[in-house]
Amino acid sequence: MRRPFIAGNWKMNLNRAEAVALAKAVAERSTAVEGVELAVCPPSVYLEAVGNALKGSKVGLGAQNMYHEASGAFTGEISAAMLVDLGCRYVILGHSERRHVLGETDADVNRKVAAALKAGLTPIVCVGELLAEREAGQTSAVIRRQFDGSLAGVSAADLAKIVIAYEPVWAIGTGKVASPEQAEEVHLDLRKIMANRYNAGLAQEVRIQYGGSVKPSNAAELLSQADVDGALVGGASLKADDFFGIVAGAK
Ligand code: PGA
């Protein structure tokens, strides 16, 4: 019922030629993939070039961030409409690096989610606890706070358009992947949160990706968990071989 969705978050990596070459490789190899939704999220300055390289393929284009205002005096920022204009279908919002390195709050993420939905983008909304929060037994409370704060005011109809990514901060870029059981536990928790706030049917519909040190060697086990519907992949999405090694685990 929930179609697996694997997205590559290229973060602040690659130059223009490398980004185009990787996009072409991903587009080419995607022809052999069935039943899995695919996307890549390059740095914003390469969105247009990567979008051109993906043209005609089924690989979706996503941005890594945006600003919630429609236009105006917001030096350095990019609007949802600009992303749509470049052919974006997705936008990652509330990534832990934006929350913890760039200081984004749940309220910031919430405004961005509303603007993205209004523009017709699919937000990939990230939540995840710090190591200290996990060790203090606060994982569930943190996830609930981030979910409620980031998605405040989102209607049931709009929630159905959103993808959630559970990304434990201690697993991102560290090589320390969550165990399949740890991931499944939080994904199940997220479904309970959605069932309580919305309804049980909708909670079953929304896709929840796992992110944090996903690689070909651990993807199949993570993706075989009942409530893990895909992956948001950082480091391993920078090599087409690794990215498709992960995609293979989604089948
Ligand atoms: P990683 O990053 O796969 O390099 O751990 C995941 C993410 O930040 O989305």
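**A word on the overall build of the protein**
Next up, step 1: In terms of helices and strands, the protein carries twelve helices and eight strands.
Next up, step 2: Taking the principal axes of its C-alpha atoms as reference, the protein extends roughly 45 × 45 × 35 Å.
Next up, step 3: A burial count over the protein gives 54% of its 251 residues as buried.
Next up, step 4: When the accessible surface of the protein is split by element, carbon and sulfur atoms take 52% of a total near 10900 Å².

**Observations concerning the confidence of the model for the protein**
Next up, step 1: The pLDDT averaged across the protein works out to 97; a share of 100% of its residues lies at or above 70.
Next up, step 2: Per-residue pLDDT, averaged within each element of the protein, yields its smallest value for helix H6 (residues 131–135) (96) and its largest for strand S4 (residues 90–93) (99).

**Points about the sheet that holds strand S1 (residues 5–9)**
Next up, step 1: In space, the eight strands of this closed barrel follow the order S1-S2-S3-S4-S5-S6-S7-S8, with parallel pairing throughout. Put simply, the sheet's adjacent strands are angled 25 degrees from each other on average, direction ignored.

**As for the site of the ligand**
Next up, step 1: The full set close to the ligand counts 13 residues, and Lys11, His95, Glu167, Gly173 and Ser213 are the nearest of them.
Next up, step 2: Gly235 has a polar backbone atom sitting 2.8 Å from an oxygen atom of the ligand.
Next up, step 3: Compared with its free state, where it exposes 290 Å², the ligand has 95% of that area covered by protein.
Next up, step 4: Put simply, the ligand lies in the second largest pocket.
Next up, step 5: Tallied by class, the residues present in the shell around the ligand amount to four nonpolar, seven polar and two charged.

**A word on the pairing of strand S7 (residues 207–211)**
Next up, step 1: Burial analysis of S7 places five of its five residues in the buried class, which makes it a mostly covered element.
Next up, step 2: Neither face of S7 is left uncovered, since the one carrying Arg207, Gln209 and Gly211 and the one carrying Ile208 and Tyr210 both have all their residues buried.
Next up, step 3: In the sheet, strand S6 (residues 163–166) pairs with S7 via four bridges, with the strands oriented parallel. Counterpart to Ala165 in the pairing with S7 is Gln209.
Next up, step 4: Note that S7 and strand S8 (residues 230–233) share two bridges and pair parallel. Considered in S8, the bridge of Gly211 is made with Leu232.
Next up, step 5: In this fold, S7 hands off to helix H11 (residues 216–223), which returns the chain to S8; that crossover is right-handed.

**Some thoughts on the environment of Leu121**
Next up, step 1: Secondary-structure assignment places Leu121 in the loop between helix H5 (106–119) and strand S5 (122–127).
Next up, step 2: The class of Leu121 is buried, set by a relative accessible area of 2%.
Next up, step 3: Sequence separation between Leu121 and Lys192 is 71 residues, and the spatial gap between their C-alpha atoms is 25 Å.
Next up, step 4: Not counting residues up to four positions away in its chain, the partners in contact with Leu121 are Met66, Ala80, Leu83, Val84, Cys88, Arg89, Tyr90, Val91 and Ala116.

**A look at the layout of surface pockets**
Next up, step 1: The volume enclosed by the largest pocket comes to roughly 500 Å³.
Next up, step 2: Lining the largest pocket are 20 residues, with Lys11, Met12, Gln64, Asn65 and Arg98 positioned closest to its centre.
Next up, step 3: Of the pockets and cavities examined, the second largest pocket occupies roughly 230 Å³.
Next up, step 4: Around the second largest pocket sit 19 residues that line it, and Lys11, Gly173, Ser213, Gly234 and Gly235 are the ones nearest its centre.

What counts and how
- Residues numbered from 1 in each chain as written.
- Predicted model: local features only at pLDDT ≥ 70, side-chain atom pairs only at ≥ 80, totals over all residues.
- Heavy atoms only, no water.
- Helix = DSSP H or I, 4+ residues; strand = E, 2+ residues; numbered from the N terminus.
- Buried < 20%, exposed > 50% of the residue type's maximum accessible area, 1.4 Å probe, protein only.
- Areas by Shrake-Rupley, 256 points an atom, 1.4 Å probe, with all protein chains shown as cover.
- pLDDT = per-residue confidence, 0-100.
- Pairing = 2+ DSSP bridges.
- Axes fitted to C-alpha atoms, helices over the stretch in contact; angles between N-to-C directions.
- Near = heavy atom within 4 Å.
- Polar contact = N/O pair within 3.5 Å; in protein donor to acceptor, adjacent residues only side chain to side chain.
- 1 Å grid on protein atoms, 1.4 Å probe; cavity = no way out; pocket = protein on both sides within 12 Å on 5 of 7 lines; lining within 4 Å.
- Sits in = over half its atoms within 2 Å of the grid points.
- Nonpolar A, V, L, I, M, F, W, Y, C, P; charged D, E, K, R; others polar.
- Right-handed = clockwise from strand over helix to strand, strands pointing away.
- Contact = heavy atoms within 4.5 Å.
- Points joined across faces, edges and corners; volume = space filled by probe spheres on them.

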